[in-house]
2 protein chains.
Amino acid sequence: MTESDIPSFELWSRERAKHFEWYADAEMPKTGREPKMLIGAMRYAVLGGGKRIRALLCYAAGDVTGASGAVLDRAALALEMIHGYSLVHDDMPCMDNDTLRRGKPTVHVRYGEATAMLAGDALQTEAFTVLAGVEDAETAKRLTATLARAAGVRGMCGGQALDLAMVGAAPGEAELLRMQAMKTGALILAAVLMGAQSGGWEKLGPAARAGLAAYADALGVAFQVVDDILDCTQDAATLGKTPGKDEKDDKPTWVSLLGLDGARERARALHDRAYEALGLVAGDPAVSDDALLRLRQIADFVVERSH
Amino acid sequence: MTESDIPSFELWSRERAKHFEWYADAEMPKTGREPKMLIGAMRYAVLGGGKRIRALLCYAAGDVTGASGAVLDRAALALEMIHGYSLVHDDMPCMDNDTLRRGKPTVHVRYGEATAMLAGDALQTEAFTVLAGVEDAETAKRLTATLARAAGVRGMCGGQALDLAMVGAAPGEAELLRMQAMKTGALILAAVLMGAQSGGWEKLGPAARAGLAAYADALGVAFQVVDDILDCTQDAATLGKTPGKDEKDDKPTWVSLLGLDGARERARALHDRAYEALGLVAGDPAVSDDALLRLRQIADFVVERSH
């Protein structure tokens, strides 16, 4: 196969997102079944929207270890369900009180607060049901451990708690990094690790494993930096969510910390660091360089995106 | 060992609850670590209180299959974390809006709504972390599947959604049964199954497995019936929570449906049904009759308790 035979990133990511949507639609609780409102809210929160960065990272990292599609689908869905639940709860009035997400009313605006809370709760549970459905028990256990660690008190929930404590507190770069590494970085790391763990994880050497983690860490920060840049340069129609909200809420951002030019420079540096980290992975005898193509392209996309 | 050598139920349950408390205290995120408020709220929700019915059922069912203490501890903690998270979220203003639980202010009263929501979220996650720590992967996977099924849209969360839809709707006995079977019955069933699945589950025949499930189903309903009786006959100091709340919220109860005498009669009938179901378990060649002692005693306790 020559290079021109390999589908472009745009084609690949569109096909993967479409496949994911089909799989998620089939695997999630069905519309029309009881309790209808709850299931409706869960599906609304996960289906039909989002950049699917976590799912794409999972599929791309699966190439590195030759993971099977059936396991990757479960890992990707579990990741997107955890991500979706966190958005539903974060948007609620007692948290960020946001009304617009992915260009649509947030779940609590559409379904009410009680159903939104339950939908978030149930999405988290179903994520673990989906992983328990992975046939090989060792793989199921490893994926569950990775996801739960990323989502819990030392990861996403803990980061959200630090974020709450930070409003109006003028934290420095180290505090902002630490909070974001937990709040969003942990799940992005989990997406890369779970993709690789869905296949021949045992065959990867320690340098390749460390390389994947370093790639994910750099990408996670880059994602946040670019989010903050877009938040103050794009309008709601492009973003699909309310822009300028962090500034209004007096929350620290990479732009408030480094300025717009400084933030752009940082995003480029993190992009380069993500590429370097993949060099460690490419050096592993179990990995072909081709297997890293999509991970590189995702790093490009994350810093070049407009929404 | 003669019968008089076997510790009484009171001694056994007190020892098990104390052991559980010690294990949970050691296994949960530590006080003083960041994020302090979140960890404080999580520990407040789980430690130092509650009847520990789910933990006791899990330990008792573990006797039936000779489960190891190390696995049972994890299963019991995961169950109590899921139960604790559900109470934290159910008590919040957008749900039942309750201020008293286990004789103390509810989590959102003490820590604020945002931290209460996060603490519930993180407790659910940590429950799955705890199960992923079970050494044998097959057992870890089975326990995860059982717990997630019980806690999700076809179990606890789904039942809570049906309950919300039921306020002021004057449902009949069948609707009330169905809602409660999901809202509280599913986790009680999970407690019994997870106890048995922590040991030699494969050795149990289909009749014994069905017997354990029937025991748990009867016990789950009995628990609700007795809860409703206590709710209209006891005061807040005895209950540790606000009494008469369901009636005030115009929610259906077993007492409003059957009357106080009818509800007491129903509790006795369910107790007998639980005993009968254990007969199916006792008939299994892999099970000694002694192994069922604690399950019988828990059935006695559930219908005779005063809080």
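Scroll up a little and you will see the structure.
This write-up is about the structure you can find in this document. What you are looking at is a predicted structure, and each value in this text was computed from that prediction instead of being measured.

What counts and what doesn't
- Residues numbered from 1 in each chain as written.
- Chains lettered and ligands numbered in written order.
- Predicted model: local features only at pLDDT ≥ 70, side-chain atom pairs only at ≥ 80, totals over all residues.
- Heavy atoms only, no water.
- Helix = DSSP H or I, 4+ residues; strand = E, 2+ residues; numbered from the N terminus.
- Contact = heavy atoms within 4.5 Å.
- Salt bridge = Lys/Arg side-chain N within 4 Å of Asp/Glu carboxyl O.
- Buried < 20%, exposed > 50% of the residue type's maximum accessible area, 1.4 Å probe, protein only.
- Expected span 1.5 Å × (residues − 1).
- Bend = angle between axes of the 7 residues up to and from the residue.
- Polar contact = N/O pair within 3.5 Å; in protein donor to acceptor, adjacent residues only side chain to side chain.

Quick look at the environment of Thr242 of chain A now. Residues and elements named next belong to chain A. Checked against the element boundaries, Thr242 lands in the loop between helix H11 (236–239) and helix H12 (245–248). Linking Thr242 and Asp98, residues 144 residues apart in sequence, is a C-alpha distance of 7.6 Å. When neighbours within four sequence positions are excluded, Thr242 is seen to be in contact with Asp98, Leu100 and Asp231.

The next point concerns the side chain of Gln224 of chain B. Topologically, Gln224 of chain B is positioned in helix H10 (residues 206–233). Excluding anything up to four places from it in sequence, Gln224 of chain B contacts Gln180, Thr184 and Trp254 of chain B.

Residues and elements named next belong to chain A. Scanning the entire structure with this criterion turns up 26 salt bridges over all chains. In this structure, the salt-bridge partner of Glu202 is Arg142, at a minimum N-O distance of 3.1 Å. You can see Glu202 sitting in the loop between helix H9 (173–197) and helix H10 (206–231) and its partner Arg142 sitting in helix H7 (residues 137–151), a full 60 residues away along the chain. A relative accessible area of 54% means that Glu202 is categorised as exposed.

Residue and element names in this part refer to chain A. For helix H13 (residues 254–282), built from 29 residues, the straight-helix expectation of 42 Å at 1.5 Å per residue is missed by more than 12%, its first-to-last C-alpha distance being only 31 Å. Remark: the principal bend of H13, roughly 90°, maps to Leu260. Considered for burial, the residues of H13 that qualify are Trp254, Val255, Ala263, Ala267, Leu270, His271, Ala274, Ala277, Leu278 and Val281. Looking at the buried positions of H13, the neighbouring elements they touch are helix H3 (53–64), H9, H10 and helix H14 (293–304). Sitting at the head of H13, Thr253 places a side-chain oxygen 3.2 Å from the backbone nitrogen of Val255.

Geometric values such as these leave the question of function open.
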